[in-house]
Structure formats: C-alpha cells, structure tokens
Amino acid sequence: MSLFSLVHFFFPKQVNLIPIIAKADTMTVEECRLFKTAVQSQLLREDIHTYDFPLSAIPETCSVATTTADSRIAEVKRLRLRQPFAVCTSSHVITKEDGSKVRCRVYPWGTVETDSLEHNDFQALKTLLMRHFMQDLIDVTYTTHYANYRTNRLTDIMEAAHFNLHDGREPLSQLDAERRAHQIKLDKLVEEMNQVYVEKVREREKRLKDSEREIAEHVRQMQQQLEAEAENLATARQAFNDERVAWEMENRDYADPDFPLNIVTITRTWSAGLLASSWRKLRSCSRSRKRQWMSQRSQRPSSAPGREPTLTSPSVTSSTTTDVASYHVTHNSEALLAPPLAQMET
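Cut-off values and rules
Residues numbered from 1 in each chain as written. Predicted model: local features only at pLDDT ≥ 70, side-chain atom pairs only at ≥ 80, totals over all residues. Heavy atoms only, no water. UniProt positions renumbered as here; feature names shortened; annotations may be inferred. Helix = DSSP H or I, 4+ residues; strand = E, 2+ residues; numbered from the N terminus. Expected span 1.5 Å × (residues − 1). Bend = angle between axes of the 7 residues up to and from the residue. Buried < 20%, exposed > 50% of the residue type's maximum accessible area, 1.4 Å probe, protein only. Pairing = 2+ DSSP bridges. Axes fitted to C-alpha atoms, helices over the stretch in contact; angles between N-to-C directions. pLDDT = per-residue confidence, 0-100. Contact = heavy atoms within 4.5 Å. Phe/Tyr/Trp six-rings, centres within 6.5 Å; stacked < 30°, edge-to-face > 60°.

In the annotation of an unreviewed UniProt entry, the protein is listed under the name Septin-type G domain-containing protein and assigned to Hydatigena taeniaeformis. Under Sequence similarities (unreviewed entry), UniProt gives the following word-for-word description of the protein: "Belongs to the TRAFAC class TrmE-Era-EngA-EngB-Septin-like GTPase superfamily. Septin GTPase family."

S.K.: Please clarify how helix α5 (residues 134-160) should be interpreted in this entry.
M.R.: Think of an α-helix as 3.6 residues a turn; residues three or four steps apart then line up on the same face. Spanning 27 residues, α5 covers 38 Å between terminal C-alpha atoms, matching the ideal 39 Å at 1.5 Å per step. Remark: the principal bend of α5, roughly 35°, maps to Thr141. All of the buried residues along α5 are Asp136, Leu137, His145 and Met158.

S.K.: Could you clarify how one ought to interpret the sheet that holds strand β5 (residues 110-113) in this entry?
M.R.: Adjacent strands of a sheet pair through backbone hydrogen bonds, lying either parallel or antiparallel. Overall, antiparallel pairing links the three strands, which are arranged β3-β4-β5 in an open sheet. With partners counted over all chains shown, the strands left at the sheet margins are β3 (93-95) and β5, one partner each. Between one strand axis and the next, the sheet turns by 60° as a mean value, whatever way the strands run. Across three bridges, β3 lies against strand β4 (residues 101-107) in antiparallel orientation. Bridge assignment links Val93 to a residue of β4, and that residue is Arg103.

S.K.: When you look at the confidence of the model for the protein in this model, what are you seeing that I'm missing?
M.R.: The predicted structure's coordinates, where accompanied by low pLDDT, should not be read in detail. For the protein, the average pLDDT comes to 75, and 65% of its residues sit at 70 or higher. Mean pLDDT per element in the protein: helix α8 (residues 314-345) is the minimum at 45, and helix α6 (residues 171-251) is the maximum at 91. Every residue in residues 255-270 scores below 50 in pLDDT, and together they form one contact with partners more than four places removed in sequence or on other chains. Low pLDDT, under 50, characterises residues 303-337; the stretch is placed with 22 contacts to residues that sit more than four places away or in other chains.

S.K.: When you look at the packing of aromatic side chains in this model, what are you seeing that I'm missing?
M.R.: For any two aromatic rings, the description comes down to two numbers: the centre-to-centre distance and the angle of the planes. Per the counting criterion, the structure on display carries six aromatic pairs. Judged by centre distance (5.0 Å) and plane angle (75°), the rings of Tyr51 and Phe53 are edge-to-face. Each member of the pair, Tyr51 as well as Phe53, is classed as buried. Ring geometry for Phe53 against Phe133: centres 5.3 Å apart, planes inclined by 65°, an arrangement best described as edge-to-face.

S.K.: Is there a simple way to explain the pairing of β4 in this structure?
M.R.: One face of the sheet, then the other: side chains in a regular strand alternate in exactly this way. In sequence, β3 turns back onto β4 through a hairpin of five residues, with Gly99 there showing a positive phi of about 95°. Of the pairings in the sheet, the one linking β4 to β5 comprises four bridges and is antiparallel in character. Across the sheet, the residue bridging to Tyr107 is Gly110, located in β5.

Take a look at the structure:
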C-alpha cells in the first residue's frame with residue numbers, strides 16, 4: 001500500500017491536506033518539477049482532496065496596507081500554482097555583501113536561501129498560510145471536517161447499539177426532534193416556575209401592606225393616647241394654678257409689709273453675734289494663759305553647764321505642759337477662726 005493510499009484510508013475528507021515536498025535542496029530544478037507532477041497525478045488518481053486555497057476565502061483587509069484586492073488575488077493565483085510546495089528550511093543566518101542577513105543552507109557548491117522563491121517554495125507557503133488563508137483553514141476544519149467526522153461517528157455508534165428509528169427518520173433528525181421536545185418541556189417548566197415566583201411575590205407584597213397598615217393604626221392609637229394624656233396634664237396644671245391663685249388671695253392679709261425680715265435672717269444674725277462674743281472670750285483667755293506661762297518659765301532656775309538639768313516636780317511639769325498645749329490650741333484656733341470672725345465683726 002502506497003503512502004497516498006494510507007492517507008486516503010486514515011483521513012477521508014476529515015482534515016485540510018496541503019502537500020509538501022521536503023528537502024527540496026537535494027533535487028535539481030528539473031527533478032523538482034517532475035516530482036511535483038508525479039505527486040499531483042497520484043493525488044488525482046487516489047481521489048485525495050487537498051486544500052485548494054479558494055479565492056473566495058481571501059479576506060477583504062490585509063495586514064499590508066499598500067496591497068489592494070486585485071493585487072492580493074493575483075498574488076494568490078501565482079503562488080498556489082507552485083503546489084505541491086517544495087521547501088527547505090534553515091536556522092543558519094549569514095550576512096551578504098550588501099549587508100542584508102538571510103537564512104540559508106551553505107554547501108561547497110553554493111548556498112540555498114530559505115526565503116527565496118528562486119530556490120524553494122517556503123516563502124510562498126508562508127505567505128498563503130499566514131497572510132491570506134489562516135482563518136479560512138480554521139473555519140473549514142471546524143464547520144466542515146469536524147462536523148462530518150462527528151456525524152459519521154455518531155451514526156456508527158447508533159448502528160452498533162441498534163438504535164431504534166421512528167418513522168424512518170435519520171438518527172440526527174430524531175436527535176434533533178428529541179432535543180426540541182426536551183427544550184419545549186424545559187420552557188414549560190420555566191414558565192411554571194415563573195408563575196410560582198410571581199404568586200409568591202404577590203403574597204409577600206400583600207403581607208407587607210397588611211403589616212404597614214397595622215403599624216400605621218398602632219401609631220395613630222398611640223398618638224391619640226399621647227394627645228389625651230397631654231390634655232389631662234394641661235387640665236391638671238390649670239387646676240393647680242387656679243388653686244394656687246385662690247390660696248394666695250385668701251392668705252395675703254396675713255403678710256406684714258413693715259417687717260421685711262424672715263426667720264432665716266433672724267437666725268443668721270443671732271448665730272453671728274453669739275460666735276463673735278465667744279471668740280472675744282477665747283482670745284482674752286489665751287493671752288492671760290500665755291503671760292502666766294512666760295512668768296513661770298522666767299522663774300525656773302537654769303542648770304549649770306556640764307550637769308544634768310534638774311527635774312521639776314510633777315505638778316509644775318504637768319501645769320507647764322497644760323499651758324503649752326492650751327497655748328497651741330488657742331493659737332491654732334485664732335488662726336482658723338480669724339477670717340470668719342473678722343467678717344462677722346464687720
């Protein structure tokens with residue numbers, strides 16, 4: 001079995017095929033032309049369809065702004081005549097005499113530039129794929145080849161599972177009918193759920209309105225109660241004022257305009273006078289006590305230097321201590337009571 005038969009067996013109209021001849025630098029120009037003719041004839045004989053780069057798939061816009069639609073069509077026609085594409089590639093870069101850099105293969109008898117159409121078809125293949133037909137290849141692969149492959153696989157699975165057909169319809173038609181019936185059922189279920197939702201919303205709104213009505217009624221009753229209490233308070237206040245005015249009218253004859261002092265003023269005056277007289281007695285007593293203590297101290301014999309001081313009798317000591325204590329008490333009392341008593345005397 002030849003290579004073309006294997007391709008026809010494994011990829012029957014399922015992928016986009018673009019025939020490519022590798023290692024084009026190993027053939028002369030004439031050998032390459034003859035090899036291309038042989039490949040094309042065998043593709044036709046094996047009924048293998050390749051991607052033919054249709055002119056209708058050329059995009060209206062192009063990445064190169066200077067090119068027009070006519071020039072792009074002419075370029076595509078010229079480049080697709082080079083099928084099958086004989087290519088050779090290289091990552092080796094050299095600098096030419098004019099300073100430009102090119103990728104090429106270097107041999108003892110010369111160089112093969114990978115981007116030159118005079119040496120191989122790599123530039124033509126790159127231009128057709130990258131510039132003009134990339135999107136069309138993606139669309140055809142998905143909408144045509146993948147759809148055909150999916151249909152064939154589903155048909156094989158249903159036939160192997162002895163899938164029952166109704167009314168002699170195709171499996172895909174039957175699946176579409178079941179899908180539509182299921183969609184109708186889903187739509188009906190969604191509509192019922194929407195109706196239930198609307199009913200629940202209405203019930204909720206009704207409960208909210210009833211609650212608002214009850215709250216408004218309760219607020220109105222509370223306002224009425226507060227107004228009634230305010231009226232009662234106003235009535236009680238008015239009655240109290242009337243009673244006070246009546247009492248003042250009844251007891252105004254007992255007031256003496258010639259005696260302006262009240263009991264509080266009398267009490268304060270009596271207390272101030274009593275405190276002032278007590279202070280005078282205390283001050284005179286403290287002065288006499290001080291003079292007596294000073295006289296007793298001057299009469300006490302002084303002790304000789306270097307000797308222990310003589311102890312006085314307990315009676316003298318106690319009296320002296322008492323006099324000193326009374327002096328300090330009197331002196332402190334004078335300091336504490338002097339400001340308020342001075343105010344009272346004035």
